[in-house]
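A look at the structure
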Amino acid sequence: APAALRRNGFAGPADTTQLFLVRHVDGLRAAQLLLTSDVPWLTVPPEVTVQPRVTPIAARYYPERLTTPGVYVGTVEARNPTDTTAGPLFTLLSTVVVPIDLETRPLTDSTRIIPPGRAQRYFVRVPHPGTSLRVSARVADADEDALLMVYDPQGRPASANPDSLVTLGFGKALSTVVIVPAEDM
């Protein structure tokens, strides 16, 4: 699967396993694969036997090792056990987003200064389905410029509303509030 969205996070044991299907495309192939992960929250079997058409590789996530909200990226490398110095045959990239839980605490980041040309992303879990989300932002003075973008989990502008993409500063408003209605959550 190219991606997996677990809207409620790791809700149970079934959510901690991701099955990757690796297809052999062309040329010679290794009979075995040595697998390694570069992060402690993502594990794979140390060795798998390559299947004729598709080789399943089960990756296991350890949510208890992902305690702080943020974006975590892990890489699994597959190597030929008879020639490990040849480099990886392929890599599996896994990204896990641990959102800020708004039910636990509201997100307030009023002291953060975002330098020019930089982006600051916040991933939030909306506490209850059917609850509106209110996002506010401001710039300190009119000579600053900022763009506030609010997206849904599928990467679309929230509520398909142009108000979810707002420019601040440079002769425009210094502050804004974006409300994503409950029916769009």
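Structure: see above.
Please read all numbers here as calculations on a predicted model, not as lab measurements. (Residues numbered from 1 in each chain as written. Predicted model: local features only at pLDDT ≥ 70, side-chain atom pairs only at ≥ 80, totals over all residues. Heavy atoms only, no water.)

On to the packing of aromatic side chains. A full pass over the atoms with the stated rule returns 3 aromatic pairs. With 5.8 Å between their ring centres and 40 degrees between their planes, phenylalanine 10 and tyrosine 61 make a pair best called tilted. In this pair, phenylalanine 10 sits in the segment before β1 (17-23) while tyrosine 61 sits in strand β5 (residues 54-61), placing the two residues 51 residues apart along the sequence. Assessed through its relative accessible area of 26%, phenylalanine 10 is described here as partly exposed. Between the aromatic rings of tryptophan 41 and tyrosine 61, the centroid separation amounts to 6.3 Å while the plane-to-plane angle is 15 degrees, which identifies the pairing as stacked. Within this pair, whereas tryptophan 41 is found in the loop between β2 (32-37) and β3 (42-43), its partner tyrosine 61 is found in strand β5, the two being separated by 20 residues in sequence. (Phe/Tyr/Trp six-rings, centres within 6.5 Å; stacked < 30°, edge-to-face > 60°. Helix = DSSP H or I, 4+ residues; strand = E, 2+ residues; numbered from the N terminus. Buried < 20%, exposed > 50% of the residue type's maximum accessible area, 1.4 Å probe, protein only.)

Moving residue by residue along a regular strand, the side chains alternate between the two faces of the sheet. Of the two faces of β1, only the one carrying Gln18, Phe20 and Val22 is buried; Thr17, Leu19, Leu21 and Arg23 on the other face are not. In this sheet, β5 lies alongside β1 in antiparallel orientation, the contact comprising 7 bridges. What sits directly across from leucine 21, in β5, is proline 56. (Pairing = 2+ DSSP bridges.)

The next point concerns the sheet that holds strand β6 (residues 70-79). Strand order in the open sheet formed by 4 strands is β4-β2-β6-β7, and the pairing between neighbours is antiparallel. A strand with exactly one partner marks an edge of an open sheet, and here the two such strands are β4 (47-49) and β7 (90-98). Sheet twist, expressed as the average angle between the axes of neighbouring strands with direction ignored, equals 25 degrees. Of the strand pairs in this sheet, β2 and β4 are connected by 3 bridges, and their pairing is antiparallel. Bridged to leucine 33 within β4 is valine 48. (Axes fitted to C-alpha atoms, helices over the stretch in contact; angles between N-to-C directions.)

Sheet architecture is open: 3 strands sit in the order β1-β5-β3, paired in antiparallel fashion. Of all the strands in the sheet, just β1 and β3 have a single pairing partner and so form its edges.

One pass over the structure, following the stated rule, counts 1 salt bridge. A salt bridge links glutamate 77 to arginine 79, with the shortest nitrogen-to-oxygen separation between them at 3.0 Å. Looking at glutamate 77, the relative accessible area reads 24%, which means it is partly exposed. (Salt bridge = Lys/Arg side-chain N within 4 Å of Asp/Glu carboxyl O.)

With that settled, the discussion passes to the environment of valine 177. Residue placement: valine 177 occurs in strand β13 (residues 175-180). Look at valine 177 and you get partly exposed, because its relative accessible area is 41%. Distance in space between the C-alpha atoms of valine 177 and alanine 137 is 6.6 Å, their sequence separation being 40 residues. When residues no more than four places from it in sequence are discounted, the contact partners of valine 177 are Arg134, Val135 and Ser136. (Contact = heavy atoms within 4.5 Å.)

Of the two faces of β5, only the one carrying Thr55, Ile57, Ala59 and Tyr61 is buried; Val54, Pro56, Ala58 and Arg60 on the other face are not. The pairing of β3 with β5 spans 2 bridges and is classified as antiparallel. Counted as the bridge partner of threonine 43 is arginine 60 from β5.

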